[in-house]
Amino acid sequence: MVKRQYIPLLVTVGLFILIFITGSFRYTGFFSLQVLLNLLIDNSFLLIAAVGMTFVIVSGGIDLSVGSMIALTTMVSASLLHQGWPPIIVIPVVLMIGILFGSVMGAIIHYFEIQPFIATLAGMFLARGLCYIISINTITIDNAFYTSMAQTKIKLTGNNFISISVIIALFIVVMGVYLAHYTKFGRNTYAIGGNEQSSLLMGLPVARTKIMVFGFSGFCSSLAGIVFTFYMLSGYGLHANGMELDVIAAVVIGGTLLTGGVGYVVGTFFGVMIQGVIQTIISFEGTLSSWWTRIVIGVLLLLFILLQRLLSEHRFTKRR
Amino acid sequence: MIKHRLFWPLCVLSSLLLFNLIYSPDFFSIKMKNGHLYGSLIDILNFGSPLILVAIGMTLVIATSGIDLSVGSIVAITGAMACLSISKSTDQNGWVILLIAVGASLVLSALLGLWNGFLVARIGIQPIIATLILMVAGRGIAQLITNGQIITILSPKYQYIGSGSLLTLPVSIFIVAIMFAIASLLTRKTALGLFIESVGCKPTASRLAGVRSKTIILMVYMFCGLCAGIAGLILSSNVSSADGNNAGLWYELDAILAVVIGGTSLNGGRFNLTGTLIGALIIQTLTTTIYMVGVPPEITLVVKAVVVLAVCLIQSENFRDMLRGRRKPRSYSSKHEVKQHG
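As annotated in an unreviewed UniProt entry, chain B carries the name Sugar ABC transporter permease and is attributed to Paenibacillus segetis. The record in UniProt for chain B states the following under Subcellular location (unreviewed entry): "Cell membrane".

In the annotation of an unreviewed UniProt entry, the entry for chain A reads Sugar ABC transporter permease, and the organism field reads Paenibacillus segetis.

Right under this line is the structure:
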């Protein structure tokens, strides 16, 4: 018998397989390893950002600054590279900016008791605004390291390949799973999301954990930004516009409760994959326009929320 | 006086206006041209009217400890709907088609609000998620209505809603005034406001006390949808076109900001419509000021971020204590406790 708490996760995985099989029957050339790998290649930045967001949402918060942080990272990287900084310095610098940005938001949220929604909204405005202060135009990147990162194809069996970004994304997913389920930090995050007051009374380091959670999310967004620069080879203030929504949707479709305390990084992985496969189907269909993606994702969100509601109904009535 | 809820918002607004007075004395001049009044102050009211409308609806939703992320999408859908129905008719300036278009769009926006309310009140989904669905799907729907294009219409009568003038003032100001008066009278002269606040504190307790909390939540979301719908009509009529992708973009965030700046707590349980009005005016004045000063518009976002943080920090008790130099261990107010078990 499957544990009740795993049902949303299984539904997500099942749905992904179902959509993929449907696509395979409908379109010739859909059922191939490369299509599956392309899902990873095209969504690696989304995946990285979503892992960080999973932790934030599990801790009972929300981070709206993800998309802007990605844009800021592309912008800072591009302008620093343009001034002749070597990538070996640029990458740590932007990662540090991400961690610092996230941690400061976390500290403000915790110490001044400001709603995560509002604090990260301010962070979102700030990061986007800083992009435009750096430049309102696109800055292209022609650095040799970045172009080689963009073009390197890692051969797998046959003619299939993945990019370096995929390796980074998969590494972050594995690290996320490890952090969530096998470390003190992960357990504290789940505890805070379950009930912050109890966690405090239990003597868990609430302040430190909260700040670390937002710091980790900031790290993930700036790493996603770096991967995004590999993908786009440019910095631009409008990059990743509205991506925070895609990220939140992926986390929710992955079975994480927005109320906090419940969720799996693996679920988020499949949440991103579902969004990717919907987009692939729409591009295979050709006639369906891109706005259908949004509508389908909206419907999926509704279904998953209803499912979770149905599953948790029992538990809630018992507790009362 | 410092304790008064409107003290800080009014301080911010007046310091913004004071800055403008010193920077460019023209700011306060209002001229009469062709029977219409012109001036920066009128512009702020005129261009700020959609935001004020959305924020009025948002205030009531937040008062029930909810939030509505879908208002931007509703703005886009309503504008698209109205422009589509007008563009389909042969006589774009006819009264009948105009009334049908406006009526149908407003009914649609109210229904969309009702849908949000249904998810929140009946199904019991957390408001931020329930409205996220329409926020994500809504822009898709708006683009579906306009078929992904920008619909342009030619109808002076429809244009009147957004850019016409009545008694020398823009029509949109009157629309805002009417909606604000309705909302204020209903919530302050009847018991409705009290009911909304009690639902925001604790829905279960209010239900046991005989308040129909679910109906109230439904109605509040419907009203919010309707307000967003009217804002959508004003916006689309102002530019005589509907853009499913960009109309009302980021309106939900600006509206929530206006509400928070106005002193309504996001925890629900109390609200302040006048504060929201001032909050929305602060945002609009800030935008106008930034344009006037000649600061690159790109910096608007940074300034906005700083203002948001400043206002939130001032309202945070812990921050004020820290400024006074007496930090205390993090305490949990009774309200916080209620939220945790809710």
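Asks: Just give me the short version of the UniProt feature "transmembrane region" (unreviewed entry) in chain A, but keep the residues and values in it.
Replies: Residues and elements named next belong to chain A. Summarizing the sequence annotation, UniProt attributes the feature "transmembrane region" (unreviewed entry) to residues 6-23, 35-58, 88-112, 118-140, 161-180, 211-233, 245-271 and 291-311 in the numbering used throughout. In the segment residues 88-112, helix accounts for 96% and strand for 0%; the C-alpha atoms at its two ends are 37 Å apart. Counting secondary structure, residues 161-180 comes out at 85% helix and 10% strand; the distance between its end C-alpha atoms is 30 Å.

Asks: Give a description of the interface of chain B and chain A that names residues and reports values.
Replies: On the chain A side, the residues contacting the 51 residues of chain B number 44 residues. Approximately 4400 Å² of surface area, both sides summed, lies buried where chain B meets chain A, with 76% of it carried by carbon and sulfur atoms. Where chain B meets chain A, there are zero salt bridges. Counting residues per element, the ones that place at least two in the side of chain B that touches chain A are α4 (95-123), α5 (127-145), α11 (251-261), α13 (300-315), α14 (317-323) and α15 (334-341) of chain B. At 12 residues, α5(B) tops the list of elements feeding residues into the side of chain B that touches chain A. Class assignment for the residues of the side of chain B that touches chain A results in 32 nonpolar, 12 polar and seven charged.

Asks: Describe the confidence of the model for chain A, listing the residues and the values that go with them.
Replies: The share of residues in chain A with pLDDT of 70 or more is 96%, and the mean pLDDT across the chain is 86. Below a pLDDT of 50 lies the segment residues 316-320 of chain A, which in the model reaches one contact outside its immediate sequence neighbourhood of four places, other chains included.

Rules and cut-offs
Residues numbered from 1 in each chain as written. Chains lettered and ligands numbered in written order. Predicted model: local features only at pLDDT ≥ 70, side-chain atom pairs only at ≥ 80, totals over all residues. Heavy atoms only, no water. UniProt positions renumbered as here; feature names shortened; annotations may be inferred. Helix = DSSP H or I, 4+ residues; strand = E, 2+ residues; numbered from the N terminus. Contact = heavy atoms within 4.5 Å. Buried area = accessible area lost by both parts, 1.4 Å probe. Salt bridge = Lys/Arg side-chain N within 4 Å of Asp/Glu carboxyl O. Nonpolar A, V, L, I, M, F, W, Y, C, P; charged D, E, K, R; others polar. pLDDT = per-residue confidence, 0-100.

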